[in-house]
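# Inside the fold
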Amino acid sequence: MPHDLPKAYDPTAIEDRWASYWVSEKLFDQPTPSKDDAGKGDPFVILLPPPNVTGRLHMGHMLNQTEMDILTRWRRMSGRRALWLPGTDHAGIATQMMVERQLDGEGTSRQKLGREAFEARVWEWKRHYGGAILDQMKRLGVSVDWSREYFTMDENLSVAVREAFVRLYEQGLIYRGAYIVNWCPRCQTAISDLEVVHEEQKGHLWEIRYPVFSDDRTDSDEFITVATTRPETMLGDTAVAVHPADERYLHLHGKKLRLPLMNRIIPVITDEWVSREFGTGAVKVTPAHDPNDFALGKRHHLPEINVMDETARINGEGGVYAGLDRYVARKKIVADLETQGLLAGVKDHINNVGHCDRCKTVVEPRLSTQWFVAVNKKAEGRGASMAGLAIAAVKEGHIRFTPEMYTKTYLNWMANIYDWCISRQLWWGHRIPAWHCATCGKITVPRPNTSADPTHCAHCKSEKITQETDVLDTWFSSGLLPVSVFGWPNVGATNRADFDAFYPTSLLVTGFDILFFWVARMIMLGCWFSADVKMPDGSERPPGASVPFREVYIHALVRDANREKMSKTKGNVIDPIEIVKKYGTDAVRFTLASMASPGTDIAFNVARTEGYRAFANKIWNAARFIFMNVDKAAEAGITVDRSALGSMPNAANDAPLEARWIVAELHSAAATVNQSLEEYRFDEAASIIYQFFWGSFCDWYLEIVKLRLDFSDTAGRSVTKSALTTLVQVFETSLRLLSPFMPFITEELWHAVYGGNPPAESIALARYPNANSETLKVEAVIEMQNIQQVVPAVRARRKDLGVPEKDSVPVVIAAAAPVLAILGKDPEIIEKLAKVGPLDLITLQDRSHEPKYAKLAWQALGNTEIAVVYEKPIDVAAERERLKKETARLEKLVANDERQLDDEAFLGKAPAPIVEGKRRQLAENLLLLKKAREALDALPPE
Ligand SMILES: [Zn+2]
Ligand SMILES: [Zn+2]
């Protein structure tokens, strides 16, 4: 049998090989089901949150994918038809920026290239460099269906995007409007609130006097003073607002002001929204450059004057400041106000400034024309709005969040959701399928089934039409994934097998950061569009079958070992690929799993990964030990019975204790692991497996089994055969239990267990162990507990007494009759494991009444007591010499420590942990000194 494993466990030697085997053998492909698959059980379907096509794998991905892979492998091994679907997102802003940077290096630009050439250039970039993250995933062995890999700009997915847009437009849910948006002057596009990062910054609050414009059309002596952190926006002011009940300004109601620098006459308006307590109680109103002012302007029908262009330079509306960058204009405006005596004051002020999440440029709230989805509007013929459907799906329990608290977060956000701005001023992405007419000004949105682009306006037949230049927000396409990857909108009579089998998906595993970006949008779009797809039997789709997924598991953050958030600026980012190279994928996966539980952030500590590499090593060595003995037995003509291999082990009632016990432990571990995974308690599952494998299997069971192996004596042959049979079966099952967590080492060893001729192509296609309550032998566990209590106690006592390791020593154990019966059944276990010879088992009564027992040094372990009988033969003279030397050595150490701890200079300089360590060391040495002196006194006199 090709059992001969290399001596040392070396992940690099096995992982690459299995990773490419899994891909090349298409082990995890889940083809479109045929009619014969109908009875094959409930599928388990999960979508990979598509990483950006520009992305590189980070620890967050590694955690996300480890969790998904554990769950998918576990469900697959548990008999579900598992489908994990991978793909990448075209990532509008990120990808466009990447290519723009490249062009910049070549001395050209996107504008010089023109739109078509630029798009071609991005596709070229994508072919060469895009999707590197998927190759990283392949190396990590994730069990996805690569045959279904998608890219959000693929032809079929683009068809879905276009259909979705057209349908929403026809339903009256898409409109165009002037809106105040977060504008990134660098990316030159609107970005969503969620893509704006707020940071506190030191800035100023400028107080500016606006002269009251009197009836005789000149300035009066009176002013209203307003305060602003962005003085350049005053160029677009169209009013000053005060609270209607503010007594300071009652006399100015209905009056007008002269806007300094622009000489625009603007009204004083009253609005309850204005806070009387803040500043002077008067605020300037710039509807085109502030979201609150925008709303105020709408209420009071104020003009909206946009004073900035796409690059945040002052435009033609900004008078003499036109052409200046916003910050240059700010300086000049402040200086001019000062010259004119209109600057009332400047205060230091901490501003909460919004930055573009992508490029870190300060965003400028700015009025622009955008496309929106009216998520709160009910479409004709639909009883609810998109947001309404998405709220109901969760409220009615069709989608369940773990941790549960995210249900509230989600519902809260959805209850306050605004219309969704879906346009982005980019060139890379799905271009909005709408055409503007230069003749009548109306918009044409043709049905997508007319293959070519329209040639004339649908309203006036003019041929002067041009396509909208904006593209759609990337979340518009990724929000459609749960329906589009299964063929929507082309789910017809003949091509609906995927949709019928795999929609709704089972689970979504994702981070909190995209709960709203992505999760909420998938729910809105998924519920909205799938409702149009009839059920396989032709009936209407009920809400429970409209949701894009039934469960959402929100995973935590991976932080560094000190619980700090990883960031490039702090320099504490851990690259998963580096760690994988050093310790192997299995050890890194196990580290993440061992700390992953709902709602808890992970403090990634490499020391733990080192520990789990040692765990893998331990398993490797156990395998080598097992294979060596199986081979030895074969040479002696003893063959292991392999007939039950692959199923859950069982042990007969008359089987030896260790066999009955390890089988019981295995069943119990399997039961807990299955339950823990059901509840996303990865940490609990990992810990159970670790304890089982290392503690129960290696430390106890293997040690006891060694006693049963006898290859010479004919009387022991059946014992040996039976012991090896159970050993191999338990080991094989344990590998299957561990496999979702450590897929590589288990694959390697599992193939070896079967001598290279396994019953399936991969352990990932074998059955996951599950407990059988009938075989749970509680009494075996209780019996074993007695042995597990006695053996370590005897070992510790031997050490205390200084018994040389290789020597056997007589031990007396006093206990109640039932315990004595257990221990006496197989005394060899204790005798061999604790090197006892002979073992004397007595009752508690004898222990108190028999004089020869009474004088022993007893140690109580609950109701059991042990006594190790050992009188150390000693050479008194040599022992005195040794103790004298030891006393002198300790005295010196103690004196040293005391001197240092008295030294103020040392105490002042040394860090607290060093001083603390010194103190502890001194206490220990004092104790040792006391013991040595007592031992010296106890020696017989010279
Ligand atoms: Zn930006
Ligand atoms: Zn027209």
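Here, every reference points to the structure presented above.
Overview of the structure. Please read all numbers here as calculations on a predicted model, not as lab measurements.

Definitions and cut-offs
- Residues numbered from 1 in each chain as written.
- Chains lettered and ligands numbered in written order.
- Predicted model: local features only at pLDDT ≥ 70, side-chain atom pairs only at ≥ 80, totals over all residues.
- Heavy atoms only, no water.
- Donors = N, O, S within 2.8 Å, 3.2 Å for Na, K, Ca; no water.
- Tetrahedral: all angles 85-135°; square planar, octahedral: opposite > 155°, others 65-115°.
- Buried < 20%, exposed > 50% of the residue type's maximum accessible area, 1.4 Å probe, protein only.
- Helix = DSSP H or I, 4+ residues; strand = E, 2+ residues; numbered from the N terminus.
- Core = buried A, V, L, I, M, F, W, Y, C linked by side-chain atoms within 4.5 Å.
- Contact = heavy atoms within 4.5 Å.
- Expected span 1.5 Å × (residues − 1).
- Pairing = 2+ DSSP bridges.
- Axes fitted to C-alpha atoms, helices over the stretch in contact; angles between N-to-C directions.

## Things to note about the coordination of the zinc ion (ligand 2)
At the metal site, the zinc ion (ligand 2) is ligated by C437 (SG), C440 (SG), C457 (SG) and C460 (SG), and these contacts range over 2.2 to 2.3 Å. Each of the four donor atoms bound to the zinc ion (ligand 2) contributes to angles spanning 104 to 113 degrees, and the resulting shape is tetrahedral. Sequence spacing of the donor residues for the zinc ion (ligand 2), all on one chain, is C-x2-C-x16-C-x2-C. With a relative accessible area of 5%, C437 lands in the buried category. Classification of C440 by relative accessible area gives partly exposed; the value is 31%.

## Brief notes about the coordination of the zinc ion (ligand 1)
The protein atoms that coordinate the zinc ion (ligand 1) are C184 (SG), C187 (SG), C356 (SG) and C359 (SG), at distances spanning 2.2 to 2.4 Å. Considering all four donor atoms around the zinc ion (ligand 1), angles at the metal cover 101 to 117 degrees and the coordination shape is tetrahedral. Between the donor residues of the zinc ion (ligand 1), the gaps in sequence give the motif C-x2-C-x168-C-x2-C. Taken as a pair, C184 in strand 5 (residues 174-184) and C356 in strand 13 (residues 343-356) lie far apart in primary sequence, 172 residues in all. Considered together, C184 and C356 belong to a single accessibility category, that of buried residues.

## Focus: the nonpolar core
By size, the foremost hydrophobic cluster in this structure holds 136 residues, and its most contacted members are I626, F697, F731 and F741. With 13 residues, helix 20 (residues 682-708) is the largest single contributor of residues to this core. The contact partners of I626, leaving out residues within four places of it in the chain, are F697, L702, L727, V728 and F731. The next biggest cluster of nonpolar side chains, apart from the first, holds 69 residues, and it includes W371, A393, F401 and I523.

## Here's the deal with the environment of L250
Here L250 lies in the loop between strand 9 (239-242) and strand 10 (256-259). Taking relative accessible area as the criterion, L250 reaches 45% and is therefore assigned partly exposed.

## With respect to helix 2 (residues 59-77)
A rise of 1.5 Å per residue sets the reference length of helix 2, with its 19 residues, at 27 Å; its end C-alpha atoms lie 26 Å apart and thus fit the reference within 8%. Within helix 2, 18 of the 19 residues are buried, which leaves it mostly tucked inside the rest of the structure. In the stretch just after helix 2, G79 is the one whose phi turns positive, near 105 degrees.

## Let's talk about the sheet that holds strand 26 (residues 809-815)
An order of 27-26-29-28 is seen for the four strands of this open sheet, with the pairing classed as mixed. Since the sheet does not close on itself, it has two edges, and those belong to strand 27 (836-843) and strand 28 (859-861), each with one partner. Within this sheet the neighbouring strands show an average axis-to-axis angle of 25 degrees, counted without direction. By the bridge criterion, three bridges tie strand 28 to strand 29 (residues 864-868) in an arrangement that is antiparallel. Among the inter-strand pairings, L861 is bridged to a residue of strand 29, identified as T864. Where helix 23 (residues 778-801) meets the sheet, it contacts strand 26, strand 27, strand 28 and strand 29, and its direction lies at approximately 35 degrees from that of strand 29.

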